[in-house]
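Residue-level structural notes
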Amino acid sequence: VIRDDVFIGVRIGGVGYVHPADVVVADPSDDLALLQMEDAPALRPAELARASALEVGDPVLAIGNALGLGRTPTAAAGRLVAVHRSVRYGVGSGTVDLDGMIEAAAPIFAGDSGGPLVDATGRVIGVIVAGSDDTPCAPAAVCPLHLVYAIPIGTALAQIGYTGL
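For the structure given in this document, a descriptive report is provided here. (Residues numbered from 1 in each chain as written. Predicted model: local features only at pLDDT ≥ 70, side-chain atom pairs only at ≥ 80, totals over all residues. Heavy atoms only, no water.)

**Describing the overall build of the protein**
Each helix and strand in the protein was counted, giving one helix and nine strands. The order of α-helices and β-strands along the protein, N terminus first, is β-β-β-β-β-β-β-β-β-α. Counting only residues that meet the buried cut, the protein has 28% of its 165 residues in that class. Pairs at least 24 residues apart make up 49% of the contacts formed inside the protein by residues separated by at least 6 positions. Counting only carbon and sulfur atoms, one obtains 55% of the accessible surface of the protein, whose full area is about 9,900 Å². (Helix = DSSP H or I, 4+ residues; strand = E, 2+ residues; numbered from the N terminus. Buried < 20%, exposed > 50% of the residue type's maximum accessible area, 1.4 Å probe, protein only. Contact = heavy atoms within 4.5 Å. Areas by Shrake-Rupley, 256 points an atom, 1.4 Å probe, with all protein chains shown as cover.)

This is the structure in structure tokens:
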């Protein structure tokens, strides 16, 4: 999603002024980037935690901004289902194999990818990359996806060359 020829901006809380941002490092093949905001108010960075410290059944919160339409981000409470899960995910007419994923049961929406998955203390444990659900949804209805798949934050940071965790 990150390209050299586009303006990158960050809107805090989904409303208000858009702060310009620079790409510090990016991994286009995994659609990950580390951004640095310019002229932004003093913000406290989120704490990070290793997903390996969690146990199945622990509470989590999935945060997203479906389709990035400028609305306020949403949060969905859930529970950790598995760590190191492998899943095959349909993308268009093909499939993608995701390995080493965190799996949680939390009702997110299509387009919430890129948002954080956090533990009960608010520490980021992963980056949401997919969701799925086998529950039928009425035609033209907007229905949540009940399973969340996230790249563990340590893996995501390592993929973009950041070794600070």
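**What about the sheet that holds strand 3 (residues 32–37)?**
The sheet built from three strands is open, its strands ordered 1-2-3 with antiparallel pairing. Edge positions in the sheet fall to strand 1 (9–11) and strand 3, since each of these pairs with one other strand and no more. Neighbouring strand axes in the sheet, compared pairwise and without regard to direction, differ in orientation by 50° on average. The pairing of strand 1 with strand 2 (residues 18–27) spans three bridges and is classified as antiparallel. Following the sheet pairing, G9 is matched in strand 2 by P20. (Pairing = 2+ DSSP bridges. Axes fitted to C-alpha atoms, helices over the stretch in contact; angles between N-to-C directions.)

**Focus: the environment of H19**
The topology assignment puts H19 in strand 2. Ignoring any residue separated from it by four or fewer positions in sequence, one finds H19 in contact with I8, G9, V10, I12, M37, E38, D39, A40 and P41.

**Thoughts on the nonpolar core**
Side chains of a nonpolar character, in soluble globular proteins, are inclined to be buried together. Of all hydrophobic cores here, the largest spans 16 residues; its most connected members are V60, A62, I102, L117, I125, I128 and V148. Per element, the largest residue contribution to this core is four residues, and it comes from strand 6 (residues 94–108). Grouped together as the second largest cluster of nonpolar side chains are 14 residues, V87, V124, L157 and I160 included. (Core = buried A, V, L, I, M, F, W, Y, C linked by side-chain atoms within 4.5 Å.)

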